[in-house]
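# Commentary on secondary and tertiary structure
These are the residues of each chain, in order.
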Amino acid sequence: MTVPVLSHLRALEAESIHILRETASQFRKPVLLYSIGKDSSCLVHLARKAFFPGKIPFPLLHIDTTYEYPEMIEFRDRFTKEIGADLRVYTNDKAIQEGANPYDLGTAKCCHLLRTRGLVEGLQEGGYDAAIGGARRDEEKSRAKERVFSFRDREGRWDPRNQRPELWNLYNGKVDPGESIRVFPLSNWTEMDIWRYIELEAIPIVPLYFAQPRQVVLRGPTVIPLETNVKLLPGEQPQTVTCRMRSLGCTPCSGAIRSEADTIGKIIDELAAFRRSERENRVIDHDQDGSMEIKKREGYF
């Protein structure tokens, strides 16, 4: 008898669904971290498949910094309502009320307050013992150190030297009270895998990923679309550039790329020629005080 062989994407899909089901079975109160980007859109789609015909058995949590693109929030509210998901939103209101912003504090301190502390506090407030996210190992060098089940201490901090072995796809979700696990079902996916899966499954995504003429400001090598909460710096002049977002984040800190790719097929063709990280236009990844590994040790996703 011939044994059917799964395609590359179907094998990744099966692995991710297995991880999601393991998470639902091992933890008392898991939550799916929903950033509204392409990776978390795939993750939500996989969660729907994993538990079909039932609903996703855990809530979706969005850490809202109040600096997201308006298109992201509109998409979030509409899409989660359409699929009947339990959406929960957490904002570090204390930091916002005290005036936290990237212009006065710098991107590292602002990100620490609005994203890192917002995430840690949001998880603590909800009492979640597992947080499922769409991070991939190919994104950034510190993320390549992650296990699929990544242990966090009572403060949500990550220590790459204090992680558990994962042999034969066996995952250890045991934690003491106050400790938690960050779960990464997309660990073995690449950016190309994500886009091909989006095309294969016709997964809805935020229109910001598609190229169109946009009002932007050129800030060094970074193309910043002029959206809510983007302030012009001295000497900057708006201009129109055909561009798209390759990675989504806060409006003042995430740049676009010059592109003509206005369909998923064109994005895939464009990506095949890239030799640069998708996060190269994320300001928070590159300042020394705000490097990804430092933020992850503090509790960032």
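Residues numbered from 1 in each chain as written. Predicted model: local features only at pLDDT ≥ 70, side-chain atom pairs only at ≥ 80, totals over all residues. Heavy atoms only, no water.

Where an unreviewed UniProt entry is consulted, the protein chain appears under the name Sulfate adenylyltransferase subunit 2, with the organism given as Paludibaculum fermentans. Under Sequence similarities (unreviewed entry), UniProt gives the following word-for-word description of the protein chain: "Belongs to the PAPS reductase family. CysD subfamily." (UniProt positions renumbered as here; feature names shortened; annotations may be inferred.)

## Topic: the nonpolar core
Formed by 59 residues in total, the largest nonpolar core has its most connected members in Leu-20, Leu-32, Tyr-34, Val-44, Phe-149, Trp-195 and Ile-198. Among the elements that make up this core, the one with the highest residue count is helix H2 (residues 38-50) (six residues). Counting contributing residues, this core receives three or more from each of domain 1 (8-197 + 289-298) and domain 2 (206-285). Dropping the residues within four chain positions of it, Trp-195 is found in contact with Lys-38, Ile-205, Tyr-209, Ile-264, Ile-267, Ile-268 and Leu-271. With nine residues, the next largest nonpolar core counts Val-31, Ile-63, Leu-123 and Tyr-128 among its residues. (Core = buried A, V, L, I, M, F, W, Y, C linked by side-chain atoms within 4.5 Å. Buried < 20%, exposed > 50% of the residue type's maximum accessible area, 1.4 Å probe, protein only. Helix = DSSP H or I, 4+ residues; strand = E, 2+ residues; numbered from the N terminus. Domains from an automatic or database assignment. Contact = heavy atoms within 4.5 Å.)

## Side note on the packing of helix H7 (residues 191-201) against helix H8 (residues 264-272)
Two measures define how a pair of helices packs: the angle their axes make with one another and the distance between the axes. Between H7 and H8, the least distance of the axes is 10 Å, while the angle of their chain directions is 165°. Classified by the angle between their axes, H7 and H8 sit roughly antiparallel to one another. In the crossing of H7 with H8, the sense of the turn from one axis to the other is left-handed. From H7, Glu-191, Met-192, Trp-195, Arg-196, Ile-198 and Glu-199 reach across to H8, where they touch Ile-264, Gly-265, Ile-267, Ile-268, Leu-271 and Ala-272. In terms of residue class, the contact of H7 with H8 is made up of eight nonpolar, one polar and three charged. (Axes fitted to C-alpha atoms, helices over the stretch in contact; angles between N-to-C directions. Parallel < 35°, antiparallel > 145°, perpendicular 65-115°, else oblique. Left-handed = near helix turned anticlockwise from the far one by under 90°. Nonpolar A, V, L, I, M, F, W, Y, C, P; charged D, E, K, R; others polar.)

## Things to note about a nonpolar patch on the surface
Where nonpolar side chains cluster on the molecular surface, the patch consists of Leu-167, Trp-168 and Leu-170 and spans about 420 Å² of accessible area. Accessibility expressed as a relative area gives 55% for Leu-170, which makes it exposed. (Patch = residues over 30% accessible without salt bridge, like charges linked within 9 Å, V, L, I, M, F, W, Y side chains within 5 Å. Areas by Shrake-Rupley, 256 points an atom, 1.4 Å probe, with all protein chains shown as cover. Salt bridge = Lys/Arg side-chain N within 4 Å of Asp/Glu carboxyl O.)

## Remarks on helix H6 (residues 107-126)
Across its 20 residues, H6 extends 27 Å between first and last C-alpha, which sits within 8% of the 28 Å expected from 1.5 Å per residue. When the local axis directions of H6 are compared, the greatest deviation, roughly 35°, occurs at Gly-118. Positive phi shows up at Gly-127, right after H6, with a value of about 70°. (Expected span 1.5 Å × (residues − 1). Bend = angle between axes of the 7 residues up to and from the residue.)

## Some words on the sheet that holds strand E5 (residues 149-152)
With mixed pairing, six strands are arranged side by side in an open sheet as E3-E2-E1-E4-E6-E5. Edge positions in the sheet fall to strand E3 (87-90) and E5, since each of these pairs with one other strand and no more. Across this sheet, the average inter-strand angle for adjacent strands is 30°, counted without regard to direction. Those strands touched by helix H3 (residues 70-83) are strand E2 (60-63) and E3, and its axis lies near 150° from that of E3. (Pairing = 2+ DSSP bridges.)

## A short note on the pairing of E2
Along E2, one buried face is formed by Leu-60 and His-62 and the opposite face, lined by Leu-61 and Ile-63, is buried too. Of the crossover connections in this fold, the one passing from strand E1 (residues 30-33) over H2 to the parallel E2 is right-handed. Of the pairings in the sheet, the one linking E2 to E3 comprises four bridges and is parallel in character. Residue pairing across strands places Leu-61 opposite Arg-88, the latter belonging to E3. Handedness of the crossover joining E2 and E3 through H3: right-handed. (Right-handed = clockwise from strand over helix to strand, strands pointing away.)

## With respect to the environment of Glu-199
Residue placement: Glu-199 occurs in helix H7. Residue classification places Glu-199 among the partly exposed residues on the basis of a relative accessible area of 44%. Note: C-alpha distance between Glu-199 and Gly-265 (66 residues apart in sequence) is 7.6 Å. Setting aside chain neighbours within four positions, we find Glu-199 in contact with Ile-264, Gly-265 and Ile-268.

## Concerning H7
Where burial is concerned, most of H7 is hidden: eight out of the eleven residues are buried. By the burial criterion, the buried members of H7 are Glu-191, Met-192, Asp-193, Ile-194, Trp-195, Tyr-197, Ile-198 and Glu-201. The secondary structure elements touched by the buried residues of H7 are helix H1 (8-26), H2 and H8.

## Notes on the sheet that holds strand E7 (residues 212-219)
For sheets, the rule is that strands pair by backbone hydrogen bonds, running either parallel or antiparallel. Overall, antiparallel pairing links the four strands, which are arranged E8-E7-E9-E10 in an open sheet. Strands at the two margins of the open sheet, each flanked by one partner only, are strand E8 (222-225) and strand E10 (257-258).

## What to know about the confidence of the model for the protein chain
Low pLDDT marks stretches whose predicted atomic positions should not be read closely. The predicted model of the protein chain averages 86 in pLDDT, with 89% of residues at 70 or higher. Mean pLDDT across the elements of the protein chain bottoms out in helix H9 (residues 292-298) (57) and peaks in H2 (97). (pLDDT = per-residue confidence, 0-100.)

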